[in-house]
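If you want the building blocks of each chain, they are given just below.
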Amino acid sequence: PWTGLTRSPDKARGQAALQGFTPQAGGWAAADLEQPETVTRHLHGGAALFLASPDHPQQHLVEARLIEVACEQGAGHVVKLSAQSAGLARPASFG
């Protein structure tokens with residue numbers, strides 16, 4: 001099973017449904033990556049973390065803390081999506 005962490009689970013469910021994604025095992029849960037205490041319980045016992053977060057001025061700090069928490073909770077693998085897209089324009093957070 002998987003758990004997708006988002007600030008807006010209902011919005012995530014709706015967007016996934018629009019794309020034809022129907023979860024077979026797992027679901028969405030409310031969490032805020034800037035508040036590790038909202039994330040910890042969802043990561044407990046998880047084998048892996050796939051990290052795809054939006055651009056953020058403190059992205060490196062937020063993601064590093066999330067990876068720390070995932071490792072503390074037993075994640076043996078972390079995969080981090082390094083860019084949401086490719087192009088000539090800089091992401092807003094790096095501008």
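All figures in this text were calculated on a predicted structure; none of them were measured in a lab.

1. Details of helix α3 (residues 59–72)
Part 1: Between the first and last C-alpha of α3 there are 20 Å, a value that for 14 residues agrees with the 20 Å anticipated at 1.5 Å per step.
Part 2: Among the residues of α3, those classed as buried are Gln59, Val62, Glu63, Leu66, Val69 and Ala70. Seen end-on, α3 carries its buried residues on one side only, within an arc spanning 120 degrees. Facing away from the buried side of α3 by more than 90 degrees, the exposed set consists of His60 and Glu72.
Part 3: Looking at the buried positions of α3, the neighbouring elements they touch are α2 (40–43), β3 (48–51) and β4 (77–80).
Part 4: Phi for glycine 74, located one or two positions after α3, is positive at around 105 degrees.

2. Some details on helix α1 (residues 9–18)
Part 1: By the burial criterion, the buried members of α1 are Pro9, Ala12 and Ala16. For α1, the buried positions fall inside an angular range of 60 degrees around the axis, keeping them on one side. Exposed residues lying more than 90 degrees from the buried face of α1 are Asp10, Lys11, Ala17 and Leu18.
Part 2: At its buried positions, α1 is contacted by β1 (2–6) and β2 (26–30).
Part 3: Note on α1: the residue one or two positions beyond its end, glycine 20, has a positive phi of about 85 degrees.

3. Side note on a nonpolar patch on the surface
Part 1: A contiguous nonpolar patch, built from Phe50, Val79 and Leu81 and spanning about 280 Å² of accessible area, is present on the exposed surface.
Part 2: Note that phenylalanine 50 resides in strand β3.
Part 3: Residue classification places phenylalanine 50 among the exposed residues on the basis of a relative accessible area of 57%.

Calculation notes
Residues numbered from 1 in each chain as written. Predicted model: local features only at pLDDT ≥ 70, side-chain atom pairs only at ≥ 80, totals over all residues. Heavy atoms only, no water. Helix = DSSP H or I, 4+ residues; strand = E, 2+ residues; numbered from the N terminus. Expected span 1.5 Å × (residues − 1). Buried < 20%, exposed > 50% of the residue type's maximum accessible area, 1.4 Å probe, protein only. Arc of directions from axis to C-beta. Contact = heavy atoms within 4.5 Å. Patch = residues over 30% accessible without salt bridge, like charges linked within 9 Å, V, L, I, M, F, W, Y side chains within 5 Å. Areas by Shrake-Rupley, 256 points an atom, 1.4 Å probe, with all protein chains shown as cover. Salt bridge = Lys/Arg side-chain N within 4 Å of Asp/Glu carboxyl O.

No statement about biological role is implied by the geometric values presented.
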